[in-house]
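The chain contents come next:
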Amino acid sequence: MGAVAAAVIVHKEKEVVTAFRAAGATSAEGAKALASLGLHQGIAVSRLISRAVLRQAAPGTYYLDELSWEALRRSRRRIVTVMLVLAAIVIAGIALGTKS
């Protein structure tokens, strides 16, 4: 259940990022209000703000920090890679243990 919820949130975050890119809100000069992008401050937006992916240019207006977004994506990829390697090690250990 937790993995499904995480996947939904990540999907929503990608939708938010797409909306900011489509509106050209990728710098302080191009900052937009959430409502003008058809967004509200839900979980996805709040998470992106707390991770400095969305930055406030002026009260009520935000822009996408592309470098922060890419850093967050790289971090997530590393975590997934480590988890997959650990799972492979555990599976190999179980397989080797049952052969004895």
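Let me begin by describing the structure that accompanies this report.

### A look at the overall build of the protein
Piece 1. Along the protein, the regular secondary structure elements total 3 helices and 3 strands.
Piece 2. Listing every helix and strand of the protein by position from the N terminus yields α-β-α-β-β-α.
Piece 3. At 19 Å, the protein has a C-alpha radius of gyration far larger than the 13 Å of a compact globule built from 100 residues.
Piece 4. The principal-axis extent of the C-alpha atoms belonging to the protein is close to 65 × 25 × 20 Å.
Piece 5. The burial tally for the protein puts 24% of its 100 residues in the buried class.

### Remarks on the side chain of T61
Piece 1. Tracing the backbone through its elements, the reader meets T61 in strand 3 (residues 61-64).
Piece 2. Beyond its immediate stretch of four places on either side in the chain, T61 contacts A31, K32, A33, R55 and Q56.

### Focus on the packing of helix 1 (residues 2-22) against helix 2 (residues 43-50)
Piece 1. For the pair helix 1 and helix 2, interaxial distance at closest approach is 8 Å and the crossing angle is 75 degrees. Here helix 1 lies roughly perpendicular to helix 2, going by the angle between them. In this structure, helix 1 contributes I9, K12, E13, V16 and V17 to the contact, and helix 2 contributes I43, A44, V45, R47 and L48.
Piece 2. Taken together, the residues of the contact of helix 1 with helix 2 sort by class into 7 nonpolar, no polar and 3 charged.

### Observations concerning a nonpolar patch on the surface
Piece 1. A contiguous nonpolar surface patch, about 370 Å² in accessible area, is contributed by V82, V85, L86 and I89.
Piece 2. The topology assignment puts L86 in helix 3 (residues 66-99).

### Description of helix 1
Piece 1. With 21 residues, helix 1 extends 30 Å from end C-alpha to end C-alpha; this agrees with the ideal 30 Å at 1.5 Å per step.
Piece 2. For helix 1, the secondary structure elements touched by its buried residues are helix 2, strand 2 (54-58), strand 3 and helix 3.
Piece 3. Positive backbone phi, approximately 75 degrees, marks G24, located one or two places after helix 1.

Calculation notes
Starting from 1, residues in each chain are numbered consecutively following that chain's sequence as written. In view of the model being predicted, local features appear only for residues whose pLDDT reaches at least 70, and side-chain atom pairs are presented and counted only at 80 or more, with totals across whole chains, interfaces and linings using the full set of residues. Excluded from the side-chain calculation are hydrogens and water; included are all heavy atoms of the structure. Under the scheme used here, helices are H or I runs from DSSP no shorter than 4 residues and strands are E runs no shorter than 2 residues, and both carry numbers assigned from the N terminus. The size measure is the radius of gyration over C-alpha atoms, and the globule rule it meets is 2.2 Å times the number of residues to the 0.38 power. Remark: exposure states derive from per-residue accessible area (1.4 Å probe, protein chains only) relative to the maximum for the residue type, with buried under 20%, exposed over 50%, and partly exposed in between. We call two residues in contact whenever any of their non-hydrogen atoms come within 4.5 Å of each other. Only the stretch in contact is used when a helix axis is fitted, and all axes are lines through C-alpha atoms; the angle between N-to-C directions ranges over 0 to 180 degrees. By the definition adopted for this analysis, an angle is roughly parallel if under 35 degrees, roughly antiparallel if over 145, roughly perpendicular if from 65 to 115, and oblique otherwise. When residues are sorted by character, Ala, Val, Leu, Ile, Met, Phe, Trp, Tyr, Cys and Pro go into the nonpolar class, Asp, Glu, Lys and Arg into the charged class, and all the rest, Gly among them, into the polar class. Like charges are joined within 9 Å and nonpolar side chains (Val, Leu, Ile, Met, Phe, Trp, Tyr) within 5 Å, but only among residues with over 30% relative accessible area and no salt bridge; these make up the patches. Using the Shrake-Rupley algorithm and a 1.4 Å probe, accessible areas are obtained, with residue cover drawn only from the displayed protein chains. Note on definitions: salt bridges are taken to be side-chain nitrogens of Lys or Arg within 4 Å of carboxyl oxygens of Asp or Glu. Expected span, for any helix, means 1.5 Å times one less than how many residues it has.

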